[in-house]
Amino acid sequence: MSISNALSRRGFLRGSQALLATAVMAQPALVWASAPGERRLVVLVLRGGLDGIDLLRPFEDPNWRRLRPTLSADAGKRPLELAPGFALHPALRPLRPLWKSGDLAFAQAVATPYRDKRSHFEGQDILEMGTATSSEVEDGWLNRALMLLPRGQDKGYAVAVASERMLLLRGEAPALFWSARNNLKADAEGESLLDALYGDDPLFAKAFEAAQTADVVTDELRAKLASRRVTPKASAQLAAEMLRGEARIVGMSLGGWDTHAAQAANLKRRLKQLSDALLALREQLGAEIWANTTVMTVSEFGRTVAENGTRGTDHGTAGVTLLAGGGIRGGRIYGDWPGLGEGDLYQGRDLMPTQDLRLYPAHALRAGFGLSTGAIERSIFPGLNMSDDPGFL
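## Comments concerning the overall build of the protein
Reasoning step 1: Tallying secondary structure elements over the protein gives 14 helices and 13 strands in all.
Reasoning step 2: When each of the 393 residues of the protein is scored for burial, the buried share is 57%.
Reasoning step 3: For the protein, long-range pairs separated by at least 24 residues make up 75% of all intrachain contacts whose partners lie at least 6 apart in sequence.
Reasoning step 4: A total of about 16500 Å² of accessible surface is found on the protein, and carbon and sulfur atoms cover 49% of it.

## Some points on the pairing of strand β6 (residues 104–111)
Reasoning step 1: Along β6, eight of the eight residues are buried, which leaves the element largely enclosed by surrounding structure.
Reasoning step 2: Pairing analysis gives six bridges linking β6 to strand β11 (residues 319–324), with the strands arranged antiparallel. When the bridges of β11 are listed, Q108 appears paired with V320.
Reasoning step 3: As paired elements, β6 and strand β12 (residues 333–334) share two bridges and run parallel to each other. Bridging from a neighbouring strand, F106 pairs with I333 of β12.

## Some words on the sheet that holds strand β4 (residues 80–83)
Reasoning step 1: The antiparallel open sheet is built from three strands, whose spatial order is β3-β5-β4. The sheet is open, and its two edges are formed by β3 (56–57) and β4, each paired on a single side.

## Quick word on the confidence of the model for the protein
Reasoning step 1: Residue-level pLDDT values for the protein average 84, and 77% of them are 70 or greater.
Reasoning step 2: In the model, residues 180–187 has pLDDT below 50 throughout and makes 17 contacts with residues more than four positions away in sequence or in other chains.

## Regarding the pairing of strand β7 (residues 158–161)
Reasoning step 1: Covered by surrounding structure in β7 are A158 and A160 together with V159 and V161, the residues of both alternating faces.
Reasoning step 2: Alignment of strand β1 (residues 29–34) against β7, held across four bridges, turns out to be antiparallel. The residue of β7 that forms the bridge with V31 is A160.

## Overview of the nonpolar core
Reasoning step 1: By size, the foremost hydrophobic cluster in this structure holds 46 residues, and its most contacted members are F106, L274 and L281.
Reasoning step 2: Examining the composition of this core, we find that nine residues originate from one element, helix α12 (residues 263–290), more than from any other.
Reasoning step 3: Among residues more than four places away in sequence, those in contact with F106 are L55, L56, L82, L88, W99, V320, T321, L322, L323, R332, I333 and Y334.
Reasoning step 4: Of all hydrophobic cores here, the second largest spans 43 residues; its members include V110, W141, L168 and Y334.

## Observations regarding the packing of aromatic side chains
In this description, an aromatic ring pair is defined by two values, namely the gap between the centres and the angle between the planes.
Reasoning step 1: All chains considered together, the criterion is met by four aromatic pairs.
Reasoning step 2: Measuring from centroid to centroid gives 5.2 Å for F86 and W337, while their planes differ by 85 degrees, and the two rings are edge-to-face. A residue pair is termed long-range when its members are at least 10 positions apart, and F86 in strand β5 (residues 86–88) and W337 in the loop between β12 and β13 (355–356) qualify at 251 residues.
Reasoning step 3: The class of F86 is buried, set by a relative accessible area of 11%.
Reasoning step 4: The interplanar angle of 40 degrees and the centroid separation of 5.1 Å between the aromatic rings of W141 and F381 together place this pair among those described as tilted. Pair noted here: W141 is in helix α7 (residues 141–148) and F381 is in the segment after α14 (373–380), with a separation of 240 residues, a long-range link. Across the pair, F381 and W141 agree in class, each one buried.

## Examining α7
Reasoning step 1: Most of α7 sits out of view: six of its eight residues are buried.
Reasoning step 2: All of the buried residues along α7 are W141, L142, N143, R144, A145 and L146.

## Looking at the pattern of salt bridges
Reasoning step 1: According to the stated counting rule, one finds 15 salt bridges in the structure shown.
Reasoning step 2: In this structure, R68 and D51 form a salt bridge, with 2.7 Å as the shortest nitrogen-oxygen distance. Highlighted residues: R68 in the loop between α4 (62–67) and β4 and D51 in the loop between β2 (40–46) and α3 (52–55), separated in sequence by 17 residues.
Reasoning step 3: Across the pair K117 and E122 runs a salt bridge whose closest N-O atoms are separated by 4.0 Å.
Reasoning step 4: With relative accessibility at 61%, the residue K117 sits in the exposed group.
Reasoning step 5: By sharing partners, the salt bridges in this structure join E38, R40 and R248 into a single network.

## Quick word on the packing of helix α13 (residues 359–369) against α14
Reasoning step 1: Where α13 meets α14, the axes come as close as 10 Å, and the angle between the chain directions of the two elements is 140 degrees. Classified by the angle their axes make, α13 and α14 are oblique. Relative to α14, the crossing made by α13 is right-handed. Along its contact with α13, which presents A362, L365 and R366, the element α14 presents T373, I376 and I380.
Reasoning step 2: Per-class residue counts for the contact of α13 with α14 are four nonpolar, one polar and one charged.

Procedures and definitions
Residues numbered from 1 in each chain as written. Predicted model: local features only at pLDDT ≥ 70, side-chain atom pairs only at ≥ 80, totals over all residues. Heavy atoms only, no water. Helix = DSSP H or I, 4+ residues; strand = E, 2+ residues; numbered from the N terminus. Buried < 20%, exposed > 50% of the residue type's maximum accessible area, 1.4 Å probe, protein only. Contact = heavy atoms within 4.5 Å. Areas by Shrake-Rupley, 256 points an atom, 1.4 Å probe, with all protein chains shown as cover. Pairing = 2+ DSSP bridges. pLDDT = per-residue confidence, 0-100. Core = buried A, V, L, I, M, F, W, Y, C linked by side-chain atoms within 4.5 Å. Phe/Tyr/Trp six-rings, centres within 6.5 Å; stacked < 30°, edge-to-face > 60°. Salt bridge = Lys/Arg side-chain N within 4 Å of Asp/Glu carboxyl O. Axes fitted to C-alpha atoms, helices over the stretch in contact; angles between N-to-C directions. Parallel < 35°, antiparallel > 145°, perpendicular 65-115°, else oblique. Left-handed = near helix turned anticlockwise from the far one by under 90°. Nonpolar A, V, L, I, M, F, W, Y, C, P; charged D, E, K, R; others polar.

Given below as structure tokens:
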């Protein structure tokens, strides 16, 4: 029994339960959802505040070396230049062929509307809510997007595997949730309560019934999944399994990007994991599906332009979004570069935001899943002006 066969039609839910039940660790967290069409969207949430100035380095700006004497030391005389004035972090060297083939791009100086407080908790909430403040809504932008997508008879399922519920998927759209402390099987009391609450909801009733009566996972499938270590690469492989089935949208949460100290070593390790995950995703999807896939990274904020006394950087404002996949116009750097001069910085310390980060998932939803500009601006990313199209698709 192949994994792809297990996930066909009603097997999407049955296979999801099998995968969740054998993915015994919840980090990195994953969410996935079915949707019409053949386009795929993968959103990698980099928790902790990615240092975009280290990932995509403005190496020709003298302020970069002056403000980051330690963090610029590995650039040497021949940095991995991608475009005039900008170079790739050495740990991402394996991704350089994607840049040359047009499957890799970057959006610089991007930020959510969140400003000034620089709190991980509030910043991540706003990132996953898709709003300007954490008090506007209580659900995640992906859940609101699912509510607007057309659903056929066998469509509309969403699944999350995480140690805690990812805010990205919280909301009215029905979703199954599993963690190492949970399973999808409800006891008799739970079944009775859920039936009383949602028994008249055709969509939820169908999903719940399928989850409760799903076949026992096969020994073959259990062995394949139980042998996987829980790493970003393994999570990317699992995401690819879903995307080769009925899943069309995947969200993956990767932690460890808070580099207050010893950033050179810590960020190098994280970027290698990111590179491995992206290449694994590409390999596992295959050329045909990769050609219809858009991958993007998002993070709650960037980091300070100047390194601190512990050879790291502190919480900042604007950062960078990495874009990958055959669904993008790669080999380019999108957005306006504000500069690193003293008068160019936000509050004299951070990279100045010149683009709303939400533009990228917003345009991916419009182009890939047929959602209207008005619906996205009103319901999914309230307050966003999509007229500023980066043109990355």
